[in-house]
Amino acid sequence: MKKWYYFLLSFCLILFISSSSMLIIHKNNEEELNIIALEGQLEETKEENLKEKYYNFRKEYQNDDIIGSIYIPGTEINTLFVKPSNNSYYLSHTLKKEKSKIGAVFMDYRNTFDDKQINIYGHNSNKYDVAFKTLRLYLDNEFTKKNNLIYIETENGTTTYQVFSVKRTKETEHMILKTNNFLGHIKKLRKDALYNDETEISETDDILILQTCLLDGTRDYLIVSARKITNL
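Quick summary incoming for the structure in this document. Predicted model only: the values in this text are computed from it and were never measured. (Residues numbered from 1 in each chain as written. Predicted model: local features only at pLDDT ≥ 70, side-chain atom pairs only at ≥ 80, totals over all residues. Heavy atoms only, no water.)

### Looking at the pattern of salt bridges
Working step 1: A complete count under the given rule lists 14 salt bridges for this structure.
Working step 2: For Asp65, the salt bridge identified is with Lys97, shortest N-O distance 3.8 Å. In this pair, Asp65 is assigned in the loop between α2 (50-61) and β1 (66-71) and Lys97 in the loop between β2 (78-82) and β3 (106-107), connecting sequence segments 32 residues apart.
Working step 3: Accessibility expressed as a relative area gives 21% for Asp65, which makes it partly exposed.
Working step 4: With a shortest N-O distance of 3.7 Å, Asp197 and Arg190 are connected by a salt bridge.
Working step 5: Owing to a relative accessible area of 24%, Asp197 belongs among the partly exposed residues under this scheme.
Working step 6: Overall, the relative accessible area of 16% leaves Arg190 in the buried class. (Salt bridge = Lys/Arg side-chain N within 4 Å of Asp/Glu carboxyl O. Helix = DSSP H or I, 4+ residues; strand = E, 2+ residues; numbered from the N terminus. Buried < 20%, exposed > 50% of the residue type's maximum accessible area, 1.4 Å probe, protein only.)

As C-alpha cells, then:
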C-alpha cells in the first residue's frame, strides 16, 4: 500500500508542477503578446524634422515599410502604420516583421497618398491592447460627434480628416479604391450607417477608410469613413 501511496503522491506532485509551469508559460506568453501589441504606439512629440523622424522609426524597427502614423484624439490610437506589398502579410506580422497574431496597422498595398480613397486596416481584440481596439468607441454616436477628427502624419506633413460615416457591414464596398462613380460609392458607404453627419461629399473630395473587425459573433467589419479637410 505504501508503494502505491508514494506513487500516487509523486504522480500528483509531478502533475501539479507541470500544470503550474504551463500556467506560468501561458501567462508569460500573454504578457509578451500585450507588449507586442503596444509596438508602434507613439508619445506626443514636438519633433519637426519629419523625414528624420520616420527615417529613425524605420531604423529602430528595421522596417522600410513604415510610412506614417495615425492619431485619433479621444481614443488610444496614436500608432505607426506600414505599407506592405500585399494585404495579408501584416495580418500576422508585427512592425518588426516578427510573426504574431497581433499583426500591425497597415495601409492597403494598392494605395498611394495621392489617391482619392486611402484604406487603413488593423486588428481588433478582446484580449490584447491592439491599436484599432478603440475604434469600437465609434459605435457610440455621441462619442463620434465629439471625436470626429483623424490625423495622418507622414514625412511630408500632416493631413486632417473628419468622420462623416460609421457603419458595420459584411459587404466589401469600402474596399473599392477606384471607381467611375465616386458619389455612388459614397452613397453605398453611407447606406445603413450607424452614424451619418450628412456632410456633403463632392467629386473633388478625398476620403479615408479605417477598418477593423467586430468581435461580437457577427463577423462584421467596422468601417469609419472620413473626408480630408486639411493637408499641411
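Continuing now.
### With respect to the layout of surface pockets
Working step 1: What the second largest pocket holds in volume is close to 220 Å³.
Working step 2: Forming the boundary of the second largest pocket are 16 residues, of which Phe113, Thr154, Thr159, Lys228 and Asn231 lie nearest the centre.
Working step 3: Contributions of two or more residues to the lining of the second largest pocket are made by β4 (117-121), β5 (149-154), β6 (157-169) and β9 (221-231).
Working step 4: At three residues, β6 tops the list of elements feeding residues into the lining of the second largest pocket. (1 Å grid on protein atoms, 1.4 Å probe; cavity = no way out; pocket = protein on both sides within 12 Å on 5 of 7 lines; lining within 4 Å. Points joined across faces, edges and corners; volume = space filled by probe spheres on them.)

### Some words on the environment of Gly103
Working step 1: Structurally, the position occupied by Gly103 is in the loop between β2 and β3.
Working step 2: Look at Gly103 and you get buried, because its relative accessible area is 8%.
Working step 3: Measuring from C-alpha to C-alpha, the distance between Gly103 and His123 comes to 7.0 Å, with 20 residues separating the pair along the chain.
Working step 4: When neighbours within four sequence positions are excluded, Gly103 is seen to be in contact with Tyr90, Leu91, Ser92, His93, Thr94 and His123. (Contact = heavy atoms within 4.5 Å.)

### Side note on empty space enclosed by the protein
If you roll a probe as big as a water molecule over the atoms, it shows you where there is empty space left.
Working step 1: Inspection of every chain in the model, using the stated rule, returns two cavities of 30 Å³ or more.
Working step 2: Approximately 140 Å³ is the volume attributed to the largest cavity.
Working step 3: Lining the largest cavity are 16 residues; nearest its centre among them are Ala37, Glu39, Gly103, Ala104 and Val105.
Working step 4: At the level of secondary structure, the elements contributing two or more residues to the lining of the largest cavity comprise α1 (2-37) and β2.
Working step 5: Along the lines of polarity and charge, the residues of the lining of the largest cavity split into 10 nonpolar, five polar and one charged.
Working step 6: The wall of the second largest cavity is formed by Lys167, Thr169, Glu171, Glu173, His174, Lys188, Leu189 and Ile223.
Working step 7: By residue class, the composition of the lining of the second largest cavity is two nonpolar, two polar and four charged. (Nonpolar A, V, L, I, M, F, W, Y, C, P; charged D, E, K, R; others polar.)

### A closer look at unusual backbone geometry
Working step 1: One non-glycine residue with positive phi stands out, namely Gln62, at about 50°.
Working step 2: Among the structural elements, Gln62 can be located in the loop between α2 and β1.
Working step 3: On the accessibility criterion, Gln62 (70% relative accessible area) is exposed.
Working step 4: Unlike most non-glycine residues, Lys97 shows phi in positive territory, near 65°.
Working step 5: Classification of Lys97 by relative accessible area gives partly exposed; the value is 38%.

### Notes on the pairing of β2
Both faces of the sheet carry side chains from a regular strand, because those side chains alternate between them.
Working step 1: Counting buried residues along β2, five of its five residues qualify, which places the element largely inside the surrounding structure.
Working step 2: Here β2 shows no split at all, with Asn78, Leu80 and Val82 on one side and Thr79 and Phe81 on the other all buried.
Working step 3: Taking the residues between adjacent antiparallel strands as the criterion, β1 and β2 are bridged by six residues, where Gly74 takes a positive phi near 95°. (Pairing = 2+ DSSP bridges.)

### Looking at the packing of aromatic side chains
Working step 1: Under the criterion given, the structure shown has six aromatic pairs.
Working step 2: Residues Tyr71 and Tyr151 carry aromatic rings whose centres are separated by 6.0 Å and whose planes lie at 25° to one another, so their mutual orientation is stacked. Of this pair, Tyr71 sits in strand β1 while Tyr151 sits in strand β5, and the two are 80 residues apart along the sequence.
Working step 3: In this structure Tyr71 comes out as partly exposed when scored by relative accessible area, which is 29%.
Working step 4: With a centroid separation of 5.3 Å and an interplanar angle of 55°, the aromatic rings of Phe106 and Tyr121 are classed as tilted. Separated by 15 residues along the polypeptide, Phe106 in strand β3 and Tyr121 in strand β4 bring together distant segments of the chain. With respect to burial, Phe106 and Tyr121 carry one shared label: buried.
Working step 5: Above the ring of Phe182, the side-chain terminus of Lys116 is found at 4.4 Å from the ring centroid. (Phe/Tyr/Trp six-rings, centres within 6.5 Å; stacked < 30°, edge-to-face > 60°. Lys NZ or Arg CZ within 6 Å of the ring centre and 35° of its normal.)

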